[in-house]
Amino acid sequence: MKSRVLFACSAALWLAGCEFLPEQGRVVAAEEEAVVAAVDCPGGVPTFEVDACLLPNWIALGLASQRGDGDWRSAKLIELEAVLADDEDERHLARAITLAWGSERQWTQAAELFEIHLQAAPERLQPLLRYWRNELEGRRAMSGQLARSQKELVAQREENEQLAEKLEALTAIEQNINLRQQSP
């Protein structure tokens, strides 16, 4: 009886271990797909076409936008306007990614474009786009906080100057009173 229970437990453990084999196979296949996609993807303006190049093309645009300067950004925006996209949402999201690393005014435009067009992206691309949108919103919030802090600092400096002027006036009045009390 003990041997049957022992055999059943060991068989259950063995079968449970085999459950992980297909998962490992899928991870290797996904890594191979990513390597193939990185080599075969044409780049350029990314599309919503669900294939092996979907994520690599959008990631490439995001990295190029992050590394690019104002001139690169201007050229990319002109290129995006010239592209006849089958789907306007593609172009608007590519524009949002490009603007997301520009000036603070461009951040506002990018946030609006993300808000309007993110849901139109393929489901597989949405987590990446949401990450970029959230990162942009974080930068916008920090920028707003910095602006508020700078305004508060200016207000405190002005208040300190006013208090210093009042202190000087009170000191002058006190000295004047002391001088009057000393002279008979």
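Residues numbered from 1 in each chain as written. Predicted model: local features only at pLDDT ≥ 70, side-chain atom pairs only at ≥ 80, totals over all residues. Heavy atoms only, no water.

**Student:** I tried to follow the packing of helix 5 (residues 88-99) against helix 6 (residues 104-117) on my own but got confused; where do I start?
**Tutor:** The description of two packed helices rests on the angle between their axes and on the distance between the axes. One can describe the packing of helix 5 onto helix 6 by two numbers: an axis separation of 8 Å at closest approach and a directional angle of 150°. Between helix 5 and helix 6 the crossing geometry is left-handed. Residues Asp89, His92, Leu93, Arg95, Ala96, Ile97 and Leu99 of helix 5 touch helix 6, and the partners they reach there are Gln106, Trp107, Gln109, Ala110, Leu113, Phe114 and His117. (Axes fitted to C-alpha atoms, helices over the stretch in contact; angles between N-to-C directions. Helix = DSSP H or I, 4+ residues; strand = E, 2+ residues; numbered from the N terminus. Left-handed = near helix turned anticlockwise from the far one by under 90°. Contact = heavy atoms within 4.5 Å.)

**Student:** Can you help me understand the nonpolar core in this one?
**Tutor:** As a rule of thumb, nonpolar side chains are buried together in soluble globular proteins. Counting residues in each nonpolar core, the largest one holds 24 residues, and the members touching the most others are Trp58, Leu93, Ile97, Phe114, Leu125, Leu129 and Leu136. At the level of elements, helix 3 (54-67), helix 4 (70-82), helix 5, helix 6 and helix 7 (126-182) are the ones that each hand at least two residues to this core. Sequence-distant contacts of tryptophan 58, defined by excluding residues within four places in its chain, comprise Pro46, Thr47, Phe48, Glu90, Leu93, Ala94, Ile97, Leu125, Leu128, Leu129 and Trp132. (Core = buried A, V, L, I, M, F, W, Y, C linked by side-chain atoms within 4.5 Å. Buried < 20%, exposed > 50% of the residue type's maximum accessible area, 1.4 Å probe, protein only.)

**Student:** Sorry, what's going on with the side chain of lysine 76 here?
**Tutor:** Position of lysine 76 relative to the elements: it lies in helix 4. Not counting the four nearest positions on each side in its chain, lysine 76 is found in contact with Gly44, Leu61 and Thr98.

**Student:** What exactly am I supposed to notice about the environment of isoleucine 78 here?
**Tutor:** Along the polypeptide, isoleucine 78 turns up in helix 4. Along the chain, isoleucine 78 and arginine 95 lie 17 residues apart, while their C-alpha atoms are 9.8 Å from each other.

**Student:** Mind showing me how you'd approach the state of the cysteines here?
**Tutor:** Note: disulfide means a covalent bond formed between the sulfur atoms of two cysteine side chains. A full pass over the atoms with the stated rule returns one disulfide. Note on cysteine connectivity: cysteine 41 is disulfide-linked to cysteine 53, with sulfurs 2.2 Å apart. An S-S torsion of about -100° defines the bridge between cysteine 41 and cysteine 53 as left-handed. Placement of cysteine 41 in the loop between helix 2 (21-40) and helix 3 and of cysteine 53 in the loop between helix 2 and helix 3 is noted, with a sequence separation of 12 residues between them. In this pair, the class of cysteine 41 matches that of cysteine 53, namely buried. (Disulfide = S-S within 2.5 Å.)

**Student:** Explanation requested: the pattern of salt bridges in the structure shown.
**Tutor:** Any two side chains of opposite charge can pair, so long as their charged atoms come close to each other. As enumerated under the stated definition, the model contains five salt bridges in all. Where glutamate 81 meets arginine 95, a salt bridge forms, and the shortest distance between an N and an O atom there is 3.6 Å. In this pair, glutamate 81 is assigned in helix 4 and arginine 95 in helix 5, connecting sequence segments 14 residues apart. Taking the relative accessible area as the measure of exposure, glutamate 81 reaches 46% and is therefore partly exposed. Linking glutamate 88 and arginine 91 is a salt bridge whose minimum nitrogen-to-oxygen distance equals 2.4 Å. With a gap of three residues between them, glutamate 88 and arginine 91 both fall in helix 5, about one helical turn apart. You can call glutamate 88 partly exposed: its relative accessible area is 37%. (Salt bridge = Lys/Arg side-chain N within 4 Å of Asp/Glu carboxyl O.)

**Student:** Which parts of the structure should I look at to understand the environment of alanine 60?
**Tutor:** Of note, alanine 60 is situated in helix 3. Sequence separation of alanine 60 and valine 45 is 15 residues, and the distance between their C-alpha atoms is 9.7 Å.

**Student:** Please explain a nonpolar patch on the surface as it appears in this structure.
**Tutor:** A surface patch of nonpolar side chains, amounting to about 290 Å² of accessible area, comprises Leu170, Ile173 and Ile177. Assignment of secondary structure puts isoleucine 177 in helix 7. (Patch = residues over 30% accessible without salt bridge, like charges linked within 9 Å, V, L, I, M, F, W, Y side chains within 5 Å. Areas by Shrake-Rupley, 256 points an atom, 1.4 Å probe, with all protein chains shown as cover.)

Treat this as a map of the structure, not an account of what it does.
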